[in-house]
Amino acid sequence: MTQASKKAYITTPIYYPSGKPHLGSAYTTLAADIYARFKRLDGFDVKFSTGTDEHGLKLQRAAEKEGLTPQAYVDKMSDMFREIEPIMNISEHTFIRTTEDYHQKTAQVMWQKLEEAGYIYKDSYAGWYCISDESYYTEEELVDGKSPMSGHPVEWMEEESYFFKLSAFRDKLLDLYERRPELVQPQSRLNEVVGFLKGEVRDISISRTTFDWGVPVPNGPGHVMYVWIDALTNYLSVLGWPNEDNMGYWPGVHLVGKDILRFHSVYWPAMLMGAGLTEEQLPVVYAHGWWTVDGDKMSKSKGNVVDPESLTREYSRDIVRYFLMREVPFGNDGDFSETRLIERTNSDLANALGNLFQRVLSMVAKNCEAKVPTLGELDAADKEFLDGFKGMVNDVRTHIDNLQFHKALDTIWSRVHAANAYMDAKQPWTHKKENPELMAHILRVLMEGFVPIAHTLDAFMPESMARVKEFLGTSEMTLTDIENAEGYLLTDGAELPKPEGVFPRIQPKEEAA
Ligand code: MSP
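Just so you know, these numbers come straight off a predicted model, no measurement behind them.

Cut-offs used in this document
- Residues numbered from 1 in each chain as written.
- Predicted model: local features only at pLDDT ≥ 70, side-chain atom pairs only at ≥ 80, totals over all residues.
- Heavy atoms only, no water.
- Near = heavy atom within 4 Å.
- Polar contact = N/O pair within 3.5 Å; in protein donor to acceptor, adjacent residues only side chain to side chain.
- Areas by Shrake-Rupley, 256 points an atom, 1.4 Å probe, with all protein chains shown as cover.
- Helix = DSSP H or I, 4+ residues; strand = E, 2+ residues; numbered from the N terminus.
- Nonpolar A, V, L, I, M, F, W, Y, C, P; charged D, E, K, R; others polar.
- Pairing = 2+ DSSP bridges.
- Buried < 20%, exposed > 50% of the residue type's maximum accessible area, 1.4 Å probe, protein only.
- Contact = heavy atoms within 4.5 Å.
- Core = buried A, V, L, I, M, F, W, Y, C linked by side-chain atoms within 4.5 Å.
- Axes fitted to C-alpha atoms, helices over the stretch in contact; angles between N-to-C directions.
- Parallel < 35°, antiparallel > 145°, perpendicular 65-115°, else oblique.
- Salt bridge = Lys/Arg side-chain N within 4 Å of Asp/Glu carboxyl O.

Caption draft 1: Highlighting the site of the ligand. Around the ligand lies a shell of 22 residues, among which Ile14, Asp53, Gly257, Asp259 and Trp291 are the nearest. Here Ile14 contributes a backbone N or O atom positioned 2.8 Å from a nitrogen atom of the ligand. The side chain of Asp259 places a nitrogen or oxygen atom 2.5 Å from an oxygen atom of the ligand. Protein burial of the ligand: of its 680 Å² of free accessible surface, 91% is covered by the chains. When residues of the shell around the ligand are traced back to their parent elements, those giving at least two are β1 (7–15), α7 (227–232), α8 (234–237) and β11 (253–257). Along the lines of polarity and charge, the residues of the shell around the ligand split into 13 nonpolar, seven polar and two charged.

Here is the structure:
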């Protein structure tokens, strides 16, 4: 396969722009960014998309509350979601808004294909609707008369409606997930989806007549599309479907929160199959967990919503990116606490990593004429240390492909710890006077290890690693260069810039007080 033909597609959910983006929404976008950056560093041509889900009753009501037209309201709010990109250092991507013309046309094409294939019919709908979830529930599903998902109120709706024959896909999906369990990850989420499919799967109402803030149903005057039919189609609009030109990126990976799993692994594959896509053209769905804050659910009323902007301003973008990916295994729920962020930054970044880089690079700057030192003969400990890096890039790659960001970091940190242990055992500074060649040799062995560490960490902490790569003189190297290098990664005698510390220690809040 040539480099250019390797393509990857990663998406985030499109966010309801009904409030300011918080840590939860920044999290999925960050995870997608790390995947996208890593794939690019690994020679892939990557499409990365995110955006805003701007139709539906929830947004129409929010606009009314502010005395704005829905369009004026979503224009204003969608901009807030774009602001998160520089705040979290999100790399190149497509930002889609479902009110854009090209998307509305795609949603209509999707509708027509489903209709032509006989999966859409007209009937009347009566049931409970939760505006906050934009979801329908049956009487039995309600918990204390409220939404079983969010606990928000539901309203009785009765109207003429188009229906999607979701029931027709139940057995197909069960059979599919039996054969291709990798389509829903992690495994625990697949079990949830299969459990749902084993129950009674009803057809779903997919149009509304009681409000008009939505994509018009083709040839269905007075009806707008159910917001999820419109929203899910965004993943295809981004690629220009049904035009085939960009479909080389498809199917790709959808990152979603656990609360919207059913839409992505039941409704969406059913829609795709209904519209004529094959089984091989179904995307992977990875559902991550939810963040709480100091043990509590994040909510405006509790006033504990974590604001990514103030967080990155206080601690730096790289530190926040690292912490969110390292603290909680992707897929699990996690608890956010600033105390933990400070502890992790100090132990992992300032002590283990930053100190190591700085000690070695400043010794080289002072004692080796600021040039890449020359290697002597390797002893058993040197060999063991360097051998430990063989296969490391590939191990990290495998974890990233499996969306196991914390494992990728674990793999990298096991080498960081090995480097610290090697340095403690070899004590290069003790040879400065009587055997400077040996000191230079040890420093060079360490620097050879720094290269794969810095390059695999680049996707997580792009700003700090750009500097470390510069200090090592390896900015131009790719991951494949590192893997395929036959000899050593650095060149004897190459001049190096003056190194500086990249991760200063943060003073814990109690100490500061
Ligand atoms: N608009 C739909 C998605 C349509 S995708 C075709 C939607 N939007 S949302 O704004 O309500 O939620 C977007 C994402 O944010 C979801 O994946 C949700 O899980 C995630 N999060 C919201 N709060 C969160 C946390 N506290 N923690 C982690 N993720 C959370 O649903």
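So that's the structure; there's more coming.
Caption draft 2: Here's a closer look at the sheet that holds strand β2 (residues 45–52). The strand order across the open sheet formed by six strands is β3-β2-β1-β11-β12-β7, and the pairing between neighbours is parallel. With partners counted over all chains shown, the strands left at the sheet margins are β3 (94–97) and β7 (184–185), one partner each.

Caption draft 3: How the structure looks around helix α2 (residues 57–65). Turning to α2, its buried residues are Leu57, Lys58, Leu59, Gln60, Ala62 and Ala63. In the core, the buried residues of α2 are packed alongside α3 (70–88) and β6 (155–164). Gly67 occupies a position one or two residues after α2 and carries a positive phi of about 70°.

Caption draft 4: Quick look at the nonpolar core. Counting residues in hydrophobic clusters, the biggest one holds 171 residues, and the most contacted among them are Leu353 and Trp413. Here this core takes 12 residues from helix α16 (residues 436–457), the largest share from any one element. Discounting chain neighbours no more than four positions away, the residues touching Trp413 are Tyr322, Asp348, Leu349, Ala352, Leu353, Leu457 and Met461.

Caption draft 5: Molecular detail of the packing of α3 against helix α11 (residues 317–327). Their axes nearest at 9 Å, the elements α3 and α11 cross at an angle of 100°. In terms of orientation, α3 and α11 fall into the roughly perpendicular class. Across from Pro86, Ile87 and Met88 in α3, the residues of α11 making contact are Arg317, Val320, Arg321 and Leu324. Tallied by class, residues from the contact of α3 with α11 come to five nonpolar, no polar and two charged.

Caption draft 6: View of the environment of Lys76. Checked against the element boundaries, Lys76 lands in helix α3. Overall, the relative accessible area of 39% leaves Lys76 in the partly exposed class. Look past the residues within four positions of Lys76 in its chain and what remains in contact with it is Glu66 and Leu68.

Caption draft 7: Structural detail: the sheet that holds strand β13 (residues 291–293). Taken in spatial order, the three strands line up as β14-β13-β15 in an open sheet, and their pairing is mixed. Looking at strand neighbours, the two that pair on one side only are β14 (296–297) and β15 (334–336), the edges of this open sheet.

Caption draft 8: Up close: helix α17 (residues 462–472). Every buried residue of α17 is accounted for by Pro462, Ser464, Met465, Val468, Lys469, Phe471 and Leu472. Buried residues belonging to α17 abut α1 (23–41), α11, α12 (338–367) and α16. Backbone geometry just after α17 places Gly473 at a positive phi near 75°.

Caption draft 9: Here's a closer look at the environment of Val74. Along the chain, Val74 turns up in helix α3. Overall, Val74 belongs to the buried group, its relative accessible area being 0%. On a C-alpha basis, the gap between Val74 and Glu54 in space is 6.3 Å, while along the polypeptide they are 20 residues apart. Residues contacting Val74, with those up to four places away along its chain left out, are Pro17, Glu54, Leu59, Arg97, Thr99 and Trp213.

Caption draft 10: Examining the pattern of salt bridges more closely. Summed over the entire model, instances satisfying the criterion amount to 39 salt bridges. Across the pair Arg321 and Asp33 runs a salt bridge whose closest N-O atoms are separated by 2.8 Å. Of the two residues, Arg321 is situated in helix α11 and Asp33 in helix α1; the sequence distance between them amounts to 288 residues. What makes Arg321 buried here is its relative accessible area of 0%. The residue Asp348 makes a salt bridge to Arg344 at a minimum N-O spacing of 2.9 Å. In this pair, Asp348 and Arg344 are both assigned in helix α12, four residues apart and thus about one turn of the helix distant. By the burial criterion, Asp348 is buried, and Arg344 matches it. Overlapping salt bridges, with partners in common, bring together Glu327, Arg340, Glu343, Arg344 and Asp348 in one network.

Caption draft 11: Quick look at the side chain of Thr411. Mapped onto the fold, Thr411 is located in helix α15 (residues 405–426). Among the residues examined, Thr411 registers a relative accessible area of 15% and is labelled buried. One polar contact links the side chain of Thr411 to the main-chain carbonyl oxygen of Lys407, over a distance of 2.9 Å. Ignoring sequence-local partners within four residues, the contact set of Thr411 consists of Met392, Asp395, Val396 and His399.

Caption draft 12: Molecular detail of unusual backbone geometry. Cis geometry marks the peptide bond from Gln185 to Pro186; its omega dihedral reads -10°. Within the fold, Pro186 resides in the loop between β7 and α6 (187–198). The phi dihedral of Glu134 is positive, around 50°, even though this residue is not glycine. Residue position: Glu134 is located in the loop between β4 (120–130) and β5 (135–137). The backbone phi angle of Asp144 is positive, close to 50°, even though this residue is not glycine. Counting through the fold element by element, Asp144 comes out in the loop between β5 and β6.

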